[in-house]
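One-letter residues, chain by chain:
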Amino acid sequence: MKVIRDTGILFTRSMYHIFRSPDTILTVAITPVAIMLLFVYVFGGAIQTGEGNYVNYLLPGILLIAIASGISYTAVRLFSDVQTGFFQRMHSMPIARSSVLWGHVLTSLFSNALSVTLIVLVAFLMGFRPAAGVLQWLAVVGILALFTLALTWVAVIPGLCAKTAEGAGVFSYPLIFLPFISSAFVPTASMPTAVRIFAEHQPVTSIVDTVRSLLLSQPVGNGIWVALAWCLGIAAVAYFFAMRVYRRFF
């Protein structure tokens, strides 16, 4: 199909830019790795989670922080294409209009997957020992990919609307901070009541708990459906508004 071919060409273009400047992938991975090292080797001894090595408990939240950080680069790349007139040039050519956005979205999925892989490898060096089987690993990959897709469509909106490159990327700061008020670092039962209520009912907690349970081969219960509902809901709403903005400007 034409849209698949055009999307593939634009995806290759974006990935070419990333491989020419791999510091993007490394930068996305470095900060979460530093946080992981800090919490495991400095704070880990004082935090009781019941999961043996603290890195086993911590890793899912670190992966979500990396993804939230990585999608900011998607917004910046989109902003750059808008400002340089790349979108206008593409629309003057016989290509599928949606392929311009999907090229960036697929690039976000692939580049974030590379960053997440680097972080998991570092976690193994720190003592991370999952009990997950093949199907559970596939479920983890699927949830993280869906989470990345949802946040990427959120990133598309400021990427198209921002007035400056800094403005395009700054939206990700609250998303990066969100895992700190969740079950990513400590069990929510240890939090004050008001904070605990918020933590237990925001999307990161259900996603972190589900990924952690899958990696440690523990029962996921209904939590997996809550996590999927959050990811799909965010993706659907963000996609709707992103496409409205896209059609309005282009």
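Placed above this text is the structure.
For the structure given in this document, a descriptive report is provided here. (Residues numbered from 1 in each chain as written. Predicted model: local features only at pLDDT ≥ 70, side-chain atom pairs only at ≥ 80, totals over all residues. Heavy atoms only, no water.)

### Here's the deal with unusual backbone geometry
For Ser 217, which is not glycine, the phi torsion reads 55° and is therefore positive. Among the secondary structure elements, Ser 217 is positioned in the loop between α10 (203-215) and α11 (223-249). A relative accessible area of 38% means that Ser 217 is categorised as partly exposed. (Helix = DSSP H or I, 4+ residues; strand = E, 2+ residues; numbered from the N terminus. Buried < 20%, exposed > 50% of the residue type's maximum accessible area, 1.4 Å probe, protein only.)

### Quick look at the pattern of salt bridges
By the definition in use, this model includes three salt bridges. The shortest N-O distance in the salt bridge between Asp 81 and Arg 13 comes to 2.9 Å. Pair noted here: Asp 81 is in helix α3 (residues 54-83) and Arg 13 is in helix α1 (residues 2-20), with a separation of 68 residues, a long-range link. Glu 200 is paired through a salt bridge with Arg 196; the nearest N and O atoms lie 3.7 Å apart. With a gap of four residues between them, Glu 200 and Arg 196 both fall in helix α9 (residues 193-200), about one helical turn apart. (Salt bridge = Lys/Arg side-chain N within 4 Å of Asp/Glu carboxyl O.)

### Some thoughts on the packing of aromatic side chains
Applying the stated criterion across every chain, the model contains nine aromatic pairs. Taking 4.8 Å as the distance between ring centres and 85° as the angle between the ring planes, the aromatic pair formed by Trp 153 and Tyr 239 counts as edge-to-face. Taken together, the residues Trp 153 in helix α6 (residues 134-161) and Tyr 239 in helix α11 connect sequence positions 86 residues apart. Of the residues examined, Trp 153 reaches a relative accessible area of 2% and is grouped as buried. Here Phe 180 and Phe 185 contribute two aromatic rings whose centre-to-centre distance is 4.7 Å and whose plane-to-plane angle is 10°, an arrangement assigned as stacked. Given the relative accessible area of 4%, Phe 185 is considered buried. An aromatic cluster of at least three residues, connected via ring pairs, comprises Phe 39, Phe 177, Phe 180 and Phe 185. (Phe/Tyr/Trp six-rings, centres within 6.5 Å; stacked < 30°, edge-to-face > 60°.)

### Considering the nonpolar core
The tendency in soluble globular proteins is for nonpolar side chains to be buried side by side. Met 36, Tyr 54, Leu 58, Ile 119, Leu 144, Phe 185 and Ile 207 are the most contacted members of the largest nonpolar core, which has 50 residues in total. Counting only elements with at least two residues in this core, the list comes to α2 (23-43), α3, α5 (97-125), α6, α10 and α11. For this core, the leading source of residues is α3, giving 15 residues. The residues contacting Tyr 54, other than those within four sequence positions of it, are Phe 39, Val 40, Gly 44, Ile 47, Thr 49 and Phe 185. Ranked by size, the runner-up nonpolar core spans 17 residues in total, among them Leu 78, Val 100, Trp 153 and Val 156. (Core = buried A, V, L, I, M, F, W, Y, C linked by side-chain atoms within 4.5 Å. Contact = heavy atoms within 4.5 Å.)

### A look at the packing of α5 against α6
Across the interface, α5 lies against α6 with an axial gap of 10 Å and an inter-helix angle of 135°. On the basis of the axis angle, α5 is oblique to α6. Here the hand of the crossing between α5 and α6 comes out right-handed. Packed against α5, whose contacting residues are Leu 101, Trp 102, Val 105, Ser 108, Leu 109, Asn 112 and Val 116, the element α6 presents Leu 144, Ala 145, Thr 148, Leu 149, Thr 152, Trp 153 and Val 156 at the interface. (Axes fitted to C-alpha atoms, helices over the stretch in contact; angles between N-to-C directions. Parallel < 35°, antiparallel > 145°, perpendicular 65-115°, else oblique. Left-handed = near helix turned anticlockwise from the far one by under 90°.)

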